[in-house]
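What follows is each chain in one-letter form.
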Amino acid sequence: MTKTIATESPRQTINPKDLRRAFGKFATGVTVVTCQAPDGAPHGATVNAFTAVSLDPPLAQVTLIRGNKASEYLEDRPFAINIMSEDQLSTCMNFAGKPSKTPVKWRCEGEIPVLEGNAATIECRPWQIYDGGDHLIVIGEVIDLEINDIDPLLFISGKFHHAGTLHGGTPWEASGDSIAHGWFEGSSTFNAV
């Protein structure tokens with residue numbers, strides 16, 4: 001009896017600049033992830049790789065460049081995902097390495113430092129950290145949140161944008177994933193029809 005061994009096809013070389021441009025076509029919001037440094041001082045990093053993960057348990061994910069201070073701090077500290085509002089561009093740039101001319105406005109009531117003026121704030125405790133190549137995938141369990149009636153800052157193709165005009169219709173109408181149809185409402189199993 002002869003064995004046939006499956007061989008992997010050679011991996012295609014992807015140009016990093018092209019990959020960055022392709023990723024950039026996916027519009028995202030902009031967040032600043034904040035936590036306490038070991039000395040207790042507030043620390044933050046601008047991050048656009050943010051994802052809602054789960055409603056039950058409530059989980060959110062950010063992806064940080066491996067080796068930066070924030071990725072090291074988040075291993076064992078609670079943190080906040082500050083979803084930037086349209087008028088927080090200078091704050092966003094401050095935490096991306098371009099110091100702001102005006103002082104950053106912090107609210108440090110507990111052990112999680114939070115920025116002032118966010119579209120929303122999601123406070124988390126560490127849940128799990130995964131290897132993500134040159135990034136770390138950090139999942140936090142949501143322990144508190146604040147939502148403000150402010151439009152978020154958007155990031156598309158390497159540039160910041162304001163929210164545009166609203167497209168008509170409700171995205172969930174007649175959708176199998178509609179909240180009204182109960183798919184998200186506490187379902188723990190999925191049955192294909």
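Below you will find a few notes about this structure. A quick note: this is a predicted structure, and the numbers were derived from the prediction, not measured. Along each chain, the written sequence defines residue order, and numbers are assigned to residues from 1. Only residues with pLDDT of 70 or above have their local features reported here, since the model is predicted, and side-chain atom pairs are shown and tallied only from 80 upward, although totals for entire chains, interfaces and linings are computed over all residues. Values shown for side chains rest on all heavy atoms present in the structure; no hydrogens or waters enter the calculation.

## Brief notes about the pattern of salt bridges
Step number 1: We define a salt bridge as a contact between a side-chain nitrogen of Lys or Arg and a carboxyl oxygen of Asp or Glu at a distance within 4 Å. Inspection of every chain in the model, using the stated rule, returns 5 salt bridges.
Step number 2: As a salt-bridge pair, Arg21 and Asp18 come within 3.8 Å of each other at their nearest N and O atoms. Linking Arg21 with Asp18, this pair stays in helix H1 (residues 16-24), spanning 3 residues, or about one helical turn.
Step number 3: Accessibility expressed as a relative area gives 60% for Arg21, which makes it exposed.
Step number 4: Burial classes: relative accessible area under 20% of the type maximum marks a residue as buried, over 50% as exposed, and values in between as partly exposed (1.4 Å probe, protein chains only). We classify Asp18 as partly exposed; its relative accessible area is 43%.
Step number 5: As a salt-bridge pair, Arg125 and Glu141 come within 3.0 Å of each other at their nearest N and O atoms. One end of the pair, Arg125, is in strand S9 (residues 120-132); the other, Glu141, is in strand S10 (residues 135-147), with 16 residues separating them in the sequence.
Step number 6: Judged by its relative accessible area of 41%, Arg125 is partly exposed. The numbering of helices and of strands both runs from the N terminus, where a helix is a DSSP run of H or I of at least 4 residues and a strand a run of E of at least 2.

## What about the layout of surface pockets?
Step number 1: Any residue with an atom within 4 Å of a point lines the site, the site being either a cavity, points on a 1 Å grid over the protein atoms alone where a 1.4 Å probe fits but cannot get out, or a pocket, an open set with protein on both sides within 12 Å along at least 5 of 7 lines. Grid points are joined across faces, edges and corners, and a volume is the space filled by probe spheres set on the points. The volume enclosed by the largest pocket comes to roughly 1,300 Å³.
Step number 2: Taken together, 35 residues make up the lining of the largest pocket; nearest its centre are Arg20, Asn48, Ala49, His135 and Phe155.
Step number 3: Those elements that place two or more of their residues in the lining of the largest pocket are H1, strand S1 (28-29), strand S3 (42-47), strand S4 (50-55), strand S5 (58-65) and helix H3 (89-94).
Step number 4: Ranked by the residues each element gives to the lining of the largest pocket, the list is headed by H1, at 6 residues.
Step number 5: Throughout this entry, Asp, Glu, Lys and Arg are counted as charged residues, while Ala, Val, Leu, Ile, Met, Phe, Trp, Tyr, Cys and Pro are counted as nonpolar. The remaining residues, Gly among them, count as polar. Of the residues assigned to the lining of the largest pocket, the class counts are 19 nonpolar, 12 polar and 4 charged.

## Here's the deal with the sheet that holds strand S11 (residues 154-156)
Step number 1: What the 3 strands build is an open sheet, ordered S1-S11-S12; its pairing is antiparallel. Here the strands that pair on one side only, and so sit at the sheet edges, are S1 and strand S12 (159-161).
Step number 2: Relative to S12, S11 is paired through 3 bridges, and the arrangement is antiparallel. Bridging from a neighbouring strand, Ile156 pairs with Lys159 of S12. Note on pairing: two strands pair once DSSP finds at least 2 bridges between them.

## Let's talk about the side chain of Glu123
Step number 1: Along the chain, Glu123 falls in strand S9.
Step number 2: Two residue types count as positive, namely Lys and Arg, and two as negative, namely Asp and Glu; His and chain ends fall outside the count. Buried Glu123, no salt bridge; nearest opposite-charge side chain is Arg107, N-O distance 4.8 Å.
Step number 3: Among all residues touching Glu123, those that are not within four sequence positions of it are Phe79, Ala80, Ile112, Val114, Glu141, Val142, Ile143 and Asp144. Whether two residues touch is decided by their heavy atoms; if any such pair falls within 4.5 Å, the residues are in contact.

## Quick notes on the sheet that holds strand S2 (residues 31-36)
Step number 1: Taken in spatial order, the 7 strands make up an open sheet running S3-S2-S6-S9-S10-S5-S4, and their pairing is antiparallel. Each edge of the open sheet carries a strand with a single partner, namely S3 and S4. The average angle at which neighbouring strand axes cross in this sheet is 35°, direction not considered.
Step number 2: By the bridge criterion, 6 bridges tie S2 to S3 in an arrangement that is antiparallel. Within the sheet, the bridge partner assigned to Thr31 lies in S3 and is Val47. Structural elements are reduced to axes, namely lines fitted to C-alpha atoms, with helices fitted over the stretch in contact, and the angle between N-to-C directions of any two is expressed from 0 to 180 degrees.

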